[in-house]
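# Geometric and topological summary
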Amino acid sequence: MNEKNIPLSVMIENAKGMMIDAFNQVQEKSNLPAYLMEGIIVDLLSQVRNQKNLELVQDYNRMNQVAESEEKKDGEK
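Anyway, here's the lowdown on the structure attached to this text. Per-chain numbering applies: the sequence of each chain, read as written, is numbered from 1 onward. Since the coordinates come from a predicted model, pLDDT governs what is reported: local features require at least 70, and pairs of side-chain atoms require 80 or more to be given and counted, while whole-chain, interface and lining totals use all residues. Heavy atoms from the whole structure form the basis of all side-chain values; hydrogens and water molecules are not counted.

## As for a nonpolar patch on the surface
- Taken together, L32, Y35, L36, I40 and L44 make up a surface patch of nonpolar side chains, about 470 Å² in accessible area.
- Only DSSP runs of H or I with at least four residues qualify as helices, and only runs of E with at least two residues qualify as strands; both kinds are numbered from the N terminus onward. Relative to the elements of secondary structure, Y35 occurs in helix α2 (residues 34-76). Any residue with relative accessible area above 30% and no salt bridge may belong to a patch, with like charges joined within 9 Å and the nonpolar Val, Leu, Ile, Met, Phe, Trp and Tyr side chains within 5 Å. All accessibility values rest on the Shrake-Rupley procedure with a 1.4 Å probe; residue burial counts only the protein chains present in the view. Whenever a carboxyl oxygen of Asp or Glu lies within 4 Å of a side-chain nitrogen of Lys or Arg, that contact is scored as a salt bridge.

Structure below.
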């Protein structure tokens, strides 16, 4: 099965597992208490949300460009 045929649910679970493993390694190496790790995670979540919003704007812009180019093609006919 190539990567394009992997169901989204499986991709999500794989990513989640990798993130948990990475988090556990960082926590073990840093020896930071949970209340300090929480602050780091909150900051990371903020960064992920910002990236998500940028991607959403890009997707909307791409959709609008496709719709506009289709309208131009239809207008030329």
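Picking up after the structure, the text goes on.
## Considerations on unusual backbone geometry
- You will see that N31, though not glycine, has its phi angle at about 55°, which is positive.
- Relative to the helices and strands, N31 is located in the loop between α1 (8-30) and α2.

## With respect to the pattern of salt bridges
- Throughout the structure, instances matching the rule amount to one salt bridge.
- Between D59 and R62 there is a salt bridge, and its shortest N-O distance comes to 2.9 Å. In this pair, D59 and R62 both sit in helix α2, three residues apart, roughly one turn of the helix.
- When its relative accessible area of 36% is taken as the criterion, D59 is described as partly exposed.
- To sort residues, take the accessible area from a 1.4 Å probe on protein chains only and compare it with the maximum for the residue type: under 20% means buried, over 50% means exposed, and anything in between is partly exposed. Under the relative-accessibility criterion, R62 is labelled partly exposed at 46%.

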